[in-house]
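# Summary of structural features
Chain residues, written in single-letter form:
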Amino acid sequence: MKRDERGRIFLSTENASKEKTFFGHPRGLATLFNTEFWERFSYYGMRAILIYYMYDSVAKGGLGFDQATATAIMSIYGSLVFMSGVIGGWFADRVLGPRQTIFYGGVLIMIGHIVLALPNGGATALFVSMAFIILGTGLLKPNVSNVVGDLYPVGDNRRDAGFSIFYMGINLGAFIAPFIVSAVSDKAGSFHAGFSVAAVGMAVALIVYVLTGKRYLKEAGKKVPNPLQKSETISLILKIVGIIVGIGILIAILTMITGSLTINTIILAVTVMGVGVPLAYFIMMMTSKKTEADEKSRLTAYIPLFLIAVLFWMIEEQGSSTLAIFAAERTDLSIGSFQLNPANFQSLNPVFVIILSPVFAWIWTKLGDRQPSTPRKFALGLFFAGLSFVIMMFPGIIHGNTTTLVSPLWLVLSFFICIFGEMFISPVGLSATTKLAPKAFASQTMSLWFLSDAMGQAFNAQATQFFSADTEIAYFGITGFVAIAFAIGLFILAPFLKKYMKGVH
Ligand code: GLU
Ligand code: ASP
């Protein structure tokens, strides 16, 4: 049986299996779908109540942080979760292989949720839990996605559809979790009860992964593509020490500049890293001898697309920070006798993904060659994200103040428009990344794409601190119009950019 360098078999009639399938796909997809469903259930379930846990008063069972700090922590948390994907990709490539890396990542995530579920841990428990979940998700998330790709023999045209089904799994988990987690935490009158639901979710993910993985995933993701050599040990240790010392120096410098070491210094350090890590990644690829001339040109074209994605994620990810505050503080939550929970709004993003994904898949197939180029799609995606913020100026403008509670439909509309934009960016971006990345770095492209989200949230850690009911109209307006301006710029420059893409649409 012929295999490529990642251990995937080539597509041929002799290899075509007559096994049962999962919606016409390899059954391993069912394992990965379920694992990622439950992992995302735990992640988005936890995040749906986390911001309220941080800024609610101690009397209400919260930590009593101020709102600006709470939103900034949401952002650096999200940023680090996506940044640590770099470690996960490297670890799978060079040490354990994706399959085992996923397992250990899952164990770390579960420990993280358990730490947060224990009562009375306070802020210390929160930070310990964050450390576990950041590292664990970094090990798990990019690798689950990579193994999805590995399920398909080279040349199998079901791959894109496989990713769409997988993306559905992600969003189903993200959709259901906020309801269950907030209901449990409300009923028990304790945030920790909610966090324990997340821990259970992650436990289910691990059980499914272990029990069904052996049978369905078979050899997928078992190989270590580029095993670490003994001779590299010393240079590796030096690199790790170098990185730790580097982070230490960064924090020391920022402490000197700001005058004291506080949570804000750490937040600033993450913002600097959120810019520094992708920059280092690009420089490494651009200057590598393994990158060919055409690939350098494609990489040049990828940079503006990456930056547009950063702006897009800045807005999209505020769904769980500034818009979550808007849901709790500025929205009328009673519909007749029914009382909404502000965490419920977190289900809007994923539900719109679930509804719109098939529609867009259909549109792209229908349009075939007539569909817009990748840069134009990115421009459209960012335009709608910008619009989703611009319309959030109106509740304040129409009521003439930012104290009257407004209809929940404003948020519904805003989420809808933003996710309409996400359809032009998220699935398109992943596939564009694989096409534009240099071959020598193919397996690290997943981490590269997630770094656009990391960088967006790193900027958010600073930007969202300006958000409050007093600044709301200007905040949504400025962010929204800036995004729209960039979108128009990219739309105009798209044909020029395509020249650099060397044949990639
Ligand atoms: N929201 C998706 C997830 O959590 C995708 C995020 C991204 O691509 O940055 O898996
Ligand atoms: N749309 C996000 C993702 O695809 C989910 C969310 O933010 O709730 O997972």
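Residues numbered from 1 in each chain as written. Chains lettered and ligands numbered in written order. Predicted model: local features only at pLDDT ≥ 70, side-chain atom pairs only at ≥ 80, totals over all residues. Heavy atoms only, no water.

### Section: the site of ligand 2
To be explicit about the condition: Throughout this document, a residue counts as near a molecule or strand when at least one of its heavy atoms sits within 4 Å of that molecule or strand. For this analysis, a polar contact is any N or O atom pair within 3.5 Å, provided that within protein one partner can donate a hydrogen and the other can accept it, and provided that sequence-adjacent residues contribute only side-chain to side-chain pairs. For the purposes of this entry, the term helix denotes a DSSP run of H or I that reaches at least four residues, the term strand denotes a run of E that reaches at least two, and both are numbered from the N terminus. In the scheme used here, Gly and all other residues not listed as nonpolar or charged are polar, with Ala, Val, Leu, Ile, Met, Phe, Trp, Tyr, Cys and Pro taken as nonpolar and Asp, Glu, Lys and Arg as charged.
Every residue near ligand 2 is listed here: Tyr44, Tyr167, Ile170, Asn171, Ala174, Glu316, Asn349, Pro350, Val353 and Glu422. Between an oxygen atom of ligand 2 and a side-chain N or O atom of Tyr167, the distance comes to 3.3 Å. At 3.1 Å, a side-chain N or O of Asn171 approaches a nitrogen atom of ligand 2. Of all elements in the fold, only helix 6 (159–188) and helix 12 (348–367) reach the threshold of two or more residues within the shell around ligand 2. Examining the composition of the shell around ligand 2, we find that four residues originate from one element, helix 6, more than from any other. In terms of residue class, the shell around ligand 2 is built from six nonpolar, two polar and two charged.

### Examining the pattern of salt bridges
What counts here: A side-chain nitrogen of Lys or Arg and a carboxyl oxygen of Asp or Glu constitute a salt bridge if their distance falls within 4 Å. Only protein chains enter the accessibility calculation, which uses a 1.4 Å probe; a residue is then buried when its area is under 20% of its type maximum, exposed when over 50%, and partly exposed in between.
Within the structure shown, the criterion is met by five salt bridges. A salt bridge links Arg40 to Glu39; the nearest nitrogen and oxygen atoms lie 2.9 Å apart. Across the pair Glu232 and Arg94 runs a salt bridge, and its minimum N-O distance is 3.0 Å. Of this pair, Glu232 sits in the loop between helix 7 (191–217) and helix 8 (233–258) while Arg94 sits in helix 3 (residues 85–96), placing them 138 residues apart in sequence. Exposure remark for Glu232: the relative accessible area of 23% places this residue in the partly exposed category. Connected through shared salt-bridge partners, Glu36, Glu39, Arg40 and Lys141 make up one network.

### Comments concerning the environment of Ile266
Selection criterion: Contacts are residue-level and defined by heavy atoms, with any inter-residue pair within 4.5 Å sufficient.
Here Ile266 shows up in helix 9 (residues 263–287). The exposure class assigned to Ile266 is partly exposed, which follows from its relative accessible area of 34%. Considered as a pair, Ile266 and Ala343 are 77 residues apart in the sequence and their alpha carbons are 27 Å apart. Excluding anything up to four places from it in sequence, Ile266 contacts Ile251 and Leu261.

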